[in-house]
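Breakdown of the fold
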Amino acid sequence: MSARQTQSFLIERLKEAGLRPQGKHGQNFLIDLNLLDLLLRTADLGPQDVVLEVGTGMGSLTSQMAELAAEVVTVEIDARLFALASEELDGLANITMLQQDALKNKNNIHPTVLQTLQEKLAAHPGSRLKLLANLPYNIATPILSNLLLFNPVPASLTATIQKELADRMIAAPSTKDYSALSIWMQALCDVQIVREMSPTVFWPRPKVHSAIIHIVPNAAKRAQLSDPKFFHEFIRSIFCHRRKFLRGVLVNMYSEKLTKSQIDELLASFDFPTDARAEQLSVDTLIRLANTMQKRLAS
C-alpha cells in the first residue's frame with residue numbers, strides 16, 4: 001500500500017469508488033512518498049508505541065505505522081473513505097479504525113478516541129503514546145493542543161499542518177504570530193519545524209503551504225507549571241484581548257474574585273510597566289504570572 005499513494009493511484013482508486021476528495025474534511029493527500037518516509041523517520045516509531053492517527057485517508061501511512069508500532073488507532077470522519085481504507089487495511093490486526101469525528105466539539109477531543117487510546121495503552125504495559133498524522137488543517141490546533149493534557153502525556157507529536165500554524169507555534173513575543181498557542185507549546189514542549197512543503201506535494205493541492213512539525217513534550221518544562229490545565233485556560237483568556245493593557249484584562253477576568261487593588265498588588269511584584277500587554281511577555285514570565293495568579297486565587 002505504501003508504495004501506491006501516488007496521485008495517479010489515488011485518482012483511479014477514488015474514481016472506481018465514485019468518490020472525490022472532500023474539502024470540508026480537509027482531504028489533501030500527501031503524494032510525495034519521500035515526505036511520507038520523512039514523517040515516519042521523524043516519529044521514530046517502535047514496538048513500544050501506541051500511535052494515534054487522525055485522518056486515515058486511504059490508509060497508506062496507517063499501514064506503514066502498523067509495521068513498526070504495537071498498536072495504531074486511526075480516526076476517519078468520512079464514512080465512504082473509511083470503507084475504502086478498511087479494504088486496504090484488512091488483515092492488519094494491530095490497527096483499530098474509528099469512523100467518527102476526532103473532536104467532541106471545537107476544543108475537545110472525542111471521549112471515544114481518548115478511551116480507545118487508554119485501552120490500547122493498558123493492553124501494552126510500558127507502552128508510550130505518539131501522534132503521527134497528516135492532519136486536516138481545520139482540526140490541527142485542538143488535536144495538538146489538547147493531547148498535551150492527556151494522561152499519559154504523549155512521547156511526541158509529528159504531523160503535517162499548515163505552515164502558518166507551525167510558525168505560530170515557534171513565534172517570539174511581540175511578533176504577529178505570537179499567541180496563546182505559541183506559549184502553550186513552548187511552555188510544555190520542544191518544537192521543531194522539520195520541513196516546509198509546497199502545495200505541489202499534496203493532491204488535491206491546498207491553497208497554502210504546509211510543514212512537518214515535530215513536538216516533544218519536555219518534563220522539565222512541564223514541572224514549572226503549577227497546573228497545566230489552569231495555565232492553558234489562563235493564557236487563552238488573556239490572549240482573547242492580547243493588545244489591551246494586561247491590568248485591565250486581568251481585572252475583567254477576575255472581577256468576581258479579586259479587587260483592583262489586589263490585581264495591582266500582584267502585578268507590582270512583577271515590575272510590569274503600566275501599559276504592559278500579554279503579547280509582549282515571554283513564556284517564562286507568563287508561566288510565573290499564571291502560577292502566582294493561581295496561588296492568589298486559592299488563598
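This write-up is about the structure you can find in this document.

What counts, and where the lines are drawn
- Residues numbered from 1 in each chain as written.
- Predicted model: local features only at pLDDT ≥ 70, side-chain atom pairs only at ≥ 80, totals over all residues.
- Heavy atoms only, no water.
- Buried < 20%, exposed > 50% of the residue type's maximum accessible area, 1.4 Å probe, protein only.
- Helix = DSSP H or I, 4+ residues; strand = E, 2+ residues; numbered from the N terminus.
- Pairing = 2+ DSSP bridges.
- Phe/Tyr/Trp six-rings, centres within 6.5 Å; stacked < 30°, edge-to-face > 60°.
- Polar contact = N/O pair within 3.5 Å; in protein donor to acceptor, adjacent residues only side chain to side chain.
- Contact = heavy atoms within 4.5 Å.
- Core = buried A, V, L, I, M, F, W, Y, C linked by side-chain atoms within 4.5 Å.
- Expected span 1.5 Å × (residues − 1).
- Arc of directions from axis to C-beta.
- Axes fitted to C-alpha atoms, helices over the stretch in contact; angles between N-to-C directions.
- Left-handed = near helix turned anticlockwise from the far one by under 90°.
- Nonpolar A, V, L, I, M, F, W, Y, C, P; charged D, E, K, R; others polar.

This part takes up the pairing of strand 11 (residues 210–217). Buried residues dominate strand 11, accounting for seven of its eight residues. Across six bridges, the pairing between strand 8 (residues 156–162) and strand 11 is antiparallel. Bridging across to strand 11, Gln 162 finds its partner in Ser 210. With eight bridges connecting them, strand 9 (residues 189–197) and strand 11 associate as antiparallel partners. Along strand 11, the bridge assignment pairs Asp 190 with Val 216.

Quick look at the packing of aromatic side chains now. Aromatic ring pairs are reported here in terms of the distance separating the ring centres and the angle at which the planes meet. For the structure shown, the criterion picks out five aromatic pairs. Ring centres of Phe 29 and Trp 203 lie 6.2 Å apart, and the angle between their planes is 20 degrees; on these two criteria the pair is classed as stacked. One end of the pair, Phe 29, is in strand 1 (residues 29–30); the other, Trp 203, is in strand 10 (residues 202–203), and 174 residues separate them in sequence. Per residue, the accessibility class of Phe 29 equals that of Trp 203, and both read buried. Here Phe 270 and Phe 272 contribute two aromatic rings whose centre-to-centre distance is 5.3 Å and whose plane-to-plane angle is 15 degrees, an arrangement assigned as stacked.

Inspection of the secondary structure assignment puts Asp 78 in the loop between strand 3 (71–76) and helix 4 (79–88). Exposure remark for Asp 78: the relative accessible area of 7% places this residue in the buried category. A polar atom in the side chain of Asp 78 sits 3.0 Å from the side chain of Gln 27. When neighbours within four sequence positions are excluded, Asp 78 is seen to be in contact with Gln 22, His 25, Gln 27 and Gln 99.

The subject of this paragraph is the nonpolar core. By size, the foremost hydrophobic cluster in this structure holds 67 residues, and its most contacted members are Leu 131, Leu 135, Ile 143, Ile 161 and Phe 234. Among the elements that make up this core, the one with the highest residue count is helix 8 (residues 180–188) (seven residues). With 21 residues, the next largest nonpolar core counts Leu 35, Ile 95, Leu 132 and Val 201 among its residues.

This next bit is on helix 5 (residues 111–123). In this model, helix 5 (13 residues) spans 18 Å end to end at C-alpha, consistent with the 18 Å of a helix rising 1.5 Å per residue. All of the buried residues along helix 5 are Val 113, Thr 116, Leu 117 and Leu 121. Seen along its axis, helix 5 keeps its buried residues to an arc of 135 degrees; they face one direction. Seen from the buried face of helix 5, the exposed residues on the opposite side, beyond 90 degrees, are Ala 122 and Ala 123. If you follow the buried residues of helix 5, they end up packed against strand 2 (49–54), strand 3, strand 4 (95–99), strand 6 (108–109) and strand 7 (128–134).

With that settled, consider the packing of helix 2 (residues 33–43) against helix 3 (residues 60–68). Orientation of helix 2 relative to helix 3, taken along the N-to-C sense of each, is 35 degrees, at an axis distance of 11 Å. Considering the relative orientation of helix 2 and helix 3, their crossing is right-handed. Contacts between helix 2 and helix 3 involve Leu 36, Asp 37, Leu 39 and Leu 40 from the first element and Ser 60, Leu 61, Gln 64, Met 65 and Leu 68 from the second. Here the contact of helix 2 with helix 3 is built from residues that sort into six nonpolar, two polar and one charged.

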